[in-house]
Each structure stands twice: as structure tokens, then as C-alpha cells.
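Reading the structure
One-letter residues, chain by chain:
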Amino acid sequence: MKKIYQKPVITKLQTGFMNKFGSSPLYARKVRTDIDGVPISELVEKFGSPLFVISEKQLREKYRQIYSAFTNRYPNVQFGWSYKTNYLKAVCAVLHQEGAIAEVVSEFEYEKARNMGIEGKDIIFNGPHKTINALKRAALEGAKIHIDHFDEITDLEHIADEIGKQIKVAIRINMDTGIHPQWDRFGFNLETGQALDAVKRIASGGKLVLNGLHCHIGTFILEPEAYGKEVEKMVKFAYEIEDNFGFKIEYLDIGGGFPSKNRLKGTYLPPDVAVPPVEEFAEKITDSLYSNLRPGDFPKLILETGRAIVDEAGYLITTVFASKRLPDGRKAYIADAGVNLLFTAFWYKFNIEIDREVQGSNEPSVIYGPLCMNIDIIDEGTMLPPLKRGTRLIFSPVGAYNNTQWMQFIEYRPNVVMVMEDQTVEIIREKEDLSDIERRERLPDRLKIK
Amino acid sequence: MNRIKQLAINEEGFVFDPLTGDSFTVNQTGLFILQKLKEGKETEQIVKELTEEFEVSQEEAERDLIDFVEKLRSYRLL
Ligand SMILES: Cc1ncc(COP(=O)(O)O)c(C=O)c1O
């Protein structure tokens, strides 16, 4: 009888090798044969490859875990779903069902939320570029408008004149919480007194009513204490406003920024060690609220958590299309999806799982995407056993920012499916074809090829 | 000069290059191929022997052999 075949592998034994790649050449790769009980093979057979898969179950569970971390500690909590993180309708709908209102940052996103059936009063409108049209609509529909700059104050005052009534607004502030880089380009700076100037300006105009404060200190924040500082500064500023200007600050929106269980490039600790549990963030935030709020005062706490809710619910199934040997001896694989679909590959090192057991020891490998561009690298150094063409690689977590920041460059965007809680699978965004991409193009008659 | 001939290769797949002092590990198939190369066999012959010894198609064996040889080159063993 013939022996079982393994692809031939030779690996150089080096000191320092283990550190460089974080795992030994003999370390077995993780195998994933299904997502929520639906086999990878079945998913690809029905919906093609590459394929984005979002788990309804994991999305809901994560939302509930993070939401209850706060409601278990504070009596007045509201989540706003950060549309830009993932604005596929099905994702938004699940989170709205769970009780989140909408957090949007542009006219497009505002329209998207309204189109979903979300009322103006349940939309938080952030962002530095709110067109006059969008602002007017938001004002008429009673949205929570968070002012980013002095020009927006002027715009809103004109709109207040035009519609003949006062408009309720909040202002976005930025501050030093010890996080670098400090996000100081959005809103009004607290430490320089700019935020106070904005309040004065609003009060003197008499056309706007300030009823909230907003801040977003950054994204993928690994330091819970930064939120403690943020909340302390916000509460103190809120009381300063209430005591001196007669406005009532009804809510504090502390933004998003909690990390997901993803691995930032250049960090060697696995996410389970590097990423603090959300309960730790909730603890710091609510502790800070209780030590700074006046007795009996419980303003609404709004959170705009994006990444931490949706990232881990998303997977991308890809297929090994070809392989080659690089001049330096590393193995290279060409997958059918690259940075066109995985924008977050620029800063994350994803968890990579294989759809089957593969014989053979691991060797240093690179995973490229299908683009004719040097930057199209999904993983520039990982240990993989020798993979056959057609092997599926499953990348995760990819639920955050990819379905919104992906680009249509030389390839079509693939199907996105949701594995529902009952293990049925629904297409939530159909794969593109030529007509989608050419629909808006016009070819002048005289240029037509006869 | 075929440096493969000078390599010290043991049964467990431990390979030592006396010229550079580098050491390597190979799996069973890699060991099989290295031994054939050491005996001075040609690609076609090795592919044939691979398909006789292991449960593998000629196409896959051929593809993998090319890849393995390229890897040996990158280590300057060929
Ligand atoms: C104003 C605002 N809110 C919420 C978010 C969501 O952030 P994250 O996904 O880090 O939770 C962002 C992201 O940049 C943001 O700019």
C-alpha cells in the first residue's frame, strides 16, 4: 500500500525564529469547518468565494454583553449604532431591534438611517461635513445634532431663523485623556477654552438650545482609564455649563472606541491578553460617573460603540488561487480576496483558519490578494502548512469597517450573507456585476465604438 | 557542484550543511526527495518514484517538487 502523501517541506532551524513568527513551525493551524453550524463548503458552494459571512447570533450576543455591562451599572443608558462601522441594512436592523438608535456622520448615512425607518429623534448626527440641506432636515425632524465647528453654529442659527423655532443641539468636544494620537480635529477643544467659547456663542445667539455633550476619544483604545478621564472632564464641564448658562445637559455621549478581539499589527500578545474585557471599560466609566455626578443626577449616558460590537461577528472566506515561491524562499499564496475587500488589513493581523486538516509542517508564508498592486497583502508573515489550490482560508474578525470601506478596484464585490440564528443563510448584499459598476457612467455618443 | 551530496541527512529528517553550519528539518516527503537528489536523480524520475511511493497524482507531485527545489535554491543548497 502506498504511503499517505504530505507536501515536501524543508525548514531552516534558526535561533530567534520562534519570536519572529510567534509560533513554532510545528504548531498546528486552527481548522474551521463551519460558521455557526453551517459548513464552509456549503456556504461557498451556494454563494461563491470570496464570501463575507456575518453571524446574527454573535452580533446579538456581543451587543447584549456590552449593553448589559453598562445597564448593570448605570440606570440611564442608550446605545447609538455607529453606521460607518457597518451600514449593511441587515446589520443595522439587527442592532435597531436590539434597541440601538442610529449614529450617523454624513448626509448619506442620515438618509440611510431614515430609509431604514428610524425617526429623526432617534438619530445622532455627528461629523464635520453636514450640508445645509441635511442640517435643515435633521433640525425639522428633531435629530440629535452634534456641532463640530463654529461655522456649523452659524449654519444652524440661519436654519433656526428660517424654520422659526429654536433648535436643540449638543456640541462635540475633544480633550486630553492621555491617549495618543489625541483626536483634536473634531469638535471644540476643552483645555484651550474653545469649548467654553462655543457654549458662550450658542448662549449669546439665543437660537439654539444646548442639551448635550459629545466626545469620541479615538478608536481601538486599550486603556480603560482614558474613559474614566473623559467622563470626569465631561461631567465637570456639563455642570459648569448648567451653573453659568442655564442650559440643562440631558445627556453625555462618550462616543465609541472600545477594541475588538483583533490583533493590531506589531503587537505580539494575543488579543485575549491584550484587549481588556468590556466590563473593565464599563467599570471605569460608571465609577467616574458616580464620583463626579451630583447626588440624584443621572443624565443619559450614550455610547456609540462600533467595532467592538460587530467586528467579531464577521468572517471572510477566501480561496487559495495559486501559490509561488518568493526569491527569499518564503512561500506566497494568492487568495481571491485582498485589501480591496479587507481594508482593515492595513492595521490588523487577522486570525487565519483553514477549512481542513493539512498535513505537513508550517513554513513562513505570505498571503497576497488578487490585485495588481504591491500593497495588496493580507498577511506578510505567517506560519502555514503547505496549502493546495482551492483550500479555503477564513479570516476574522472582519465585521467592522470592511463592508463600508471596501473598494471596487478591478474586481467585483462578493456576496455578503448572514447566518441567521436558526442556521438558515440569507444573502444580505448580492454580489456585484458589470451593470452595478457602469450604471452611472455616460459614454458621449461621439466616443462610441461603431 | 551539487551541494546536496555533501549534506548530512539523518533518518528523522534532520539535515546539516557542513559548509555553512546551517541545520534544517524536512518532513518525510522532503527527506525522500533529498535522498533522490543526493543520488543524482532527475526530476522526472523523482516524480515517478514519488507517485509509486505515495498516494499522490503526478501533477501534484510535479508541482510540489518544483516548489521544493526552488526552496532548496533559496537556501543555497542547490
Ligand atoms: C463619532 C464617532 N462615534 C463612534 C465611532 C465608532 O468607533 P468604534 O468603532 O471605535 O467604536 C466613531 C469612529 O471613528 C466616531 O468617529
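Scroll up to find the structure.
To keep things clear, this report deals only with the structure shown in the data block. (Residues numbered from 1 in each chain as written. Chains lettered and ligands numbered in written order. Predicted model: local features only at pLDDT ≥ 70, side-chain atom pairs only at ≥ 80, totals over all residues. Heavy atoms only, no water.)

1. Regarding the pattern of salt bridges
Pairs can form between side chains of opposite charge whenever their charged atoms are close. Residue and element names in this part refer to chain A. The condition is simple: Salt bridge, as applied in this entry: a Lys or Arg side-chain nitrogen positioned within 4 Å of an Asp or Glu carboxyl oxygen. Numbered from the N terminus, helices here are DSSP runs of H or I no shorter than four residues, and strands are runs of E no shorter than two. Categorising residues by exposure relies on relative accessible area from a 1.4 Å probe, with only protein chains included: less than 20% of the type maximum marks a residue as buried, more than 50% marks it as exposed, and the intermediate range marks it as partly exposed.
Counted under the stated rule, the structure contains 43 salt bridges over all chains. Among the salt bridges present, the one from Arg60 reaches Glu56, with a minimum N-O distance of 3.0 Å. You can see Arg60 and its partner Glu56 sitting in helix 3 (residues 56-71), 4 residues apart, about one turn around the helix. Note on accessibility: Arg60 and Glu56 belong to one class, buried. Linked by salt bridges that have partners in common, Glu56, Arg60, Arg64, Glu98 and Glu421 make up one network.

2. Side note on the site of the ligand
All names here are of chain A. Using the following cut-off: A molecule or strand has a residue near it when one of that residue's heavy atoms lies within 4 Å. Any pair of nitrogen or oxygen atoms within 3.5 Å is treated as a polar contact; in protein, a donor-acceptor pairing is required on top of that, and neighbouring residues in sequence qualify only through side-chain atoms on both sides. For the area figures, the Shrake-Rupley method with a 1.4 Å probe applies, and any residue is considered shielded solely by the protein chains shown. Here a cavity is any set of points on a 1 Å grid over the protein atoms alone where a 1.4 Å probe fits but cannot get out, and a pocket is any open set with protein on both sides within 12 Å along at least 5 of 7 lines; a residue lines the site when it has an atom within 4 Å of a point. For a cavity or pocket, the test is whether more than half of a molecule's atoms lie within 2 Å of its grid points; if they do, the molecule sits there.
Lining the immediate surroundings of the ligand are 17 residues, of which Thr219, Gly257, Glu304, Arg307 and Tyr401 lie closest. Taking Glu304, its side chain carries an N or O atom lying 2.6 Å from a nitrogen atom of the ligand. Measuring from an oxygen atom of the ligand, one finds a backbone N or O atom of Gly306 at 2.8 Å. Contact with the protein chains covers 94% of the free accessible surface of the ligand, which is 400 Å². Of all the cavities here, the one that holds the ligand is the second largest pocket.

3. Describing the packing of aromatic side chains
Note on aromatic pairs: each is described by the distance of the centres and the angle between the planes. All names here are of chain A. Basically, it comes down to this: When the centres of two rings from Phe, Tyr and Trp lie within 6.5 Å, Trp using its six-membered ring, the rings pair. Their planes under 30 degrees apart give stacked, over 60 give edge-to-face, and anything left gives tilted. In this analysis the charged atom, NZ for Lys or CZ for Arg, is taken to sit over a ring once it is within 6 Å of the ring centre and within 35 degrees of the ring normal.
A complete count under the given rule lists 24 aromatic pairs over all chains for this structure. Taking the centre distance of 4.9 Å and the plane angle of 65° together, the rings of Tyr227 and Phe258 count as edge-to-face. Of this pair, Tyr227 sits in helix 9 (residues 224-245) while Phe258 sits in the loop between strand 12 (251-253) and helix 10 (271-274), placing them 31 residues apart in sequence. For the pair formed by Tyr227 and Phe258, the shared burial category is buried. Taking NZ or CZ as reference, Lys130 lies 5.7 Å from the ring centre of Phe125, over its face. Looking at Arg389, its charged tip hangs above the ring of Phe321, at a distance of 5.1 Å from the centre.

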